[in-house]
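Observations on chain architecture
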Amino acid sequence: MTGVRGAWGVFAVAPSRTPSKPRTPRVSCARRFTLALAAAAALAGCTSGTTEAAPDRTGTTAPGTTATATPAPSRAPTGRTPEGTLLVADFGGDTVTFVDPGRDGSGEGGAPIASVEVGTAPYGLVVGEDGRAWVATAEGVAVVDTQRRTRLGTVPYETETGPVTTGEYRGGGMGIALAPDGRHVYVGVNVPDGNGTVEVIDTATREVTGVADVGRRPFDVGVSPDGREVYATGHDSFDVTAVDADTLRTRRMEVAPYGTEGGLGSWLKPHYAVVRPQDGALLLPFEGERLAVLDPRTGEVTVERMTANTHQHGAALAPDGTLLVVGTGPIGADDEDPSLTVRTPDGKERIVPLDGPHEDVAVSADGRTAYVTGGFTRDGYWNGITVVDLDDEEDDEDDEKNEPVRLEAGNRPLGIAIL
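Quick caveat: nothing in here was measured; it's all calculated off a predicted structure.

Thresholds, definitions, all that
Counting restarts for each chain, with residues numbered from 1 along the sequence as it is written. Whole-chain, interface and lining totals are the exception, using all residues; otherwise, since this is a predicted model, local features are given only for residues with pLDDT of at least 70 and side-chain atom pairs are given and counted only at 80 or more. Side-chain descriptors were evaluated using all non-hydrogen atoms of the structure, hydrogens and water having been removed beforehand. For each residue, the accessible area found with a 1.4 Å probe, counting protein chains only, is set against the maximum for its type, and the residue is called buried under 20%, exposed over 50%, and partly exposed in between. Numbering of helices and strands runs from the N terminus, with a helix taken as a DSSP run of H or I at least four residues long and a strand as a DSSP run of E at least two residues long. Whether two strands pair depends on DSSP finding at least two bridges between them. The contact criterion used is simple: two residues touch if any of their non-hydrogen atoms lie within 4.5 Å. Any N or O atom pair separated by 3.5 Å or less is treated as a polar contact, with the protein-specific requirement of one donor-capable and one acceptor-capable atom, and with residues adjacent in sequence counted only for side-chain atom pairs. Interaxial angle, 0 to 180 degrees, is taken between N-to-C directions of lines fitted to C-alpha atoms, where a helix line uses only the stretch in contact. The score called pLDDT rates the predictor's confidence residue by residue, from a low of 0 to a high of 100.

1. As for the pairing of strand E13 (residues 197-202)
The element E13 is largely enclosed, with a buried count of six among its six residues. In E13, alternate side chains face the same way, and those of Thr-197, Glu-199 and Ile-201 on one face and Val-198, Val-200 and Asp-202 on the other are all buried. Here strand E12 (residues 184-190) pairs with E13 via six bridges, running antiparallel. Across the sheet, Tyr-186 pairs through a bridge with Val-200, a residue of E13. Counting the residues that bridge the hairpin from E12 to E13 gives six residues.

2. Quick notes on unusual backbone geometry
Phi at Arg-206 is positive, roughly 55°, even though this residue is not glycine. Looking at the secondary structure, you find Arg-206 in the loop between E13 and strand E14 (207-213). For Arg-206, a relative accessible area of 13% corresponds to the buried category. A positive phi is found at Phe-238, a non-glycine position, where the angle reads about 55°. Its relative accessible area of 4% is what places Phe-238 among the buried residues.

3. Some remarks on the environment of Val-230
Within the element layout of this structure, Val-230 appears in strand E16 (residues 229-234). Judged by relative accessible area, which is 1%, Val-230 ranks as buried. Placed 13 residues apart in sequence, Val-230 and Val-243 show a C-alpha to C-alpha distance of 5.0 Å. Not counting chain neighbours up to four residues away, the residues in contact with Val-230 comprise Tyr-186, Val-198, Val-221, Gly-222, Val-223, Thr-241, Ala-242 and Val-243.

4. Section: the environment of Asp-145
Topologically, Asp-145 is positioned in strand E9 (residues 140-145). For the pair Asp-145 and Val-127, spaced 18 residues apart in sequence, the C-alpha to C-alpha distance is 9.6 Å.

5. Observations regarding the side chain of Arg-252
If you trace the backbone, Arg-252 turns up in strand E18 (residues 250-254). Side-chain polar atoms of Arg-252 contact the backbone oxygen of Ser-237, separated by 3.0 Å.

6. Thoughts on the sheet that holds strand E25 (residues 339-343)
Judged by pairing direction, the sheet is antiparallel, and its four strands sit side by side in the order E23-E24-E25-E26 without closing on themselves. Either end of the sheet is taken by a strand with one partner, and the two such strands are strand E23 (311-317) and strand E26 (349-353). Sheet twist, expressed as the average angle between the axes of neighbouring strands with direction ignored, equals 20°. As paired strands, strand E24 (residues 323-329) and E25 are joined by five bridges and run antiparallel to one another. Counted as the bridge partner of Val-326 is Leu-340 from E25.

7. Quick look at the sheet that holds E9
Strand-to-strand pairing in sheets goes through backbone hydrogen bonds, with the strands running parallel or antiparallel. Reading across the sheet, the four strands line up as E7-E8-E9-E10 and stay open at both edges, with antiparallel pairing between neighbours. Each edge of the open sheet is held by one strand with a lone partner, namely strand E7 (125-127) and strand E10 (150-156). Averaged over neighbouring strand pairs, the angle between their axes works out to 20° when direction is ignored.

8. Details of the confidence of the model for the chain
A low pLDDT means the predicted coordinates there should not be read in detail. Of all residues in the chain, 79% attain a pLDDT of 70 or more, and the chain-wide mean is 85. When the criterion is pLDDT under 50, residues 1-74 qualifies, and its contacts beyond four places in sequence or with other chains add up to 149 contacts.

Here's what the structure looks like:
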């Protein structure tokens, strides 16, 4: 086993998975789906082809598009979507919602614009330079033209995940990422009674071209800066699986700075990861206490100290390398309340309190504003986004000037992107 060295001690990294050839799609026997859901809850914590929809050429609301609320005339769901609009995945419904972020993106005066039906319980989403959004739902990856606010189609999964359901433990897509060249989408598919998969979608043909086995409940998916490897964070298997983008060979790297005691019932598991552009390292926050830095070339994990002391989920990097991490709130008696950690590349942290649980985060292109979704995978969520001014300083003379702004947005929003 490979030694893991860090400020918190030495941990073990499991040996790599035996490389495997690209496999044929999984076809399982009858699944113990209901029992798996019940067990997971107790532990706390097939069609083929693409469904097409005609593009909206009139500039009006297309079929499959609904308004989340009666928008003001200036926000009527017509015409092309303005740059800087927020797009969120409505995990509590079957839509994605487009949200006006308000004056100068501050949240002030912002509101939902419109919603587009995409499929049951959408989780993660990613948007390419061509304006197409790829949305991981319980039944397939929906493709949305974000400019015209129209669903173009749905790519069904080849992995069998059982009945289409909703909720934290539902089968289907979770984390999703786009290759740097935009030619492939990689989606982590959860299988409720076993290990998950990463499915590879050709963005030109909108077809699944490969499937690789990964760990349990692939919360997040990332891609190396050179596009050669895909990384699936296995929440319930305490690992990151590296998938060769060409051969689909896999290798498992354990990431468990607290150990693996407690198994499926443990809270101390990886959730989201970000890939650091300059060296390709993966950054995985744990509990507002430890930041696991995984070198995917060696499997070695070093651990750095964090200060929020709260259960953590979503993470993102600002253009200057600042790490943003969402604190969902306490899971133990000594834990702190929900927060957003703002961590500079040299490890200095500022903790921004949040009102209620949150899940994921996106940061503006200029690095000045963070948008934190209030959906949350467990109970306690709310239907909105918190907007955080990252230029705020703790010693600002006007303490109320840069208070986080709560913005109505969607139905239990999880994944988020800035258009």
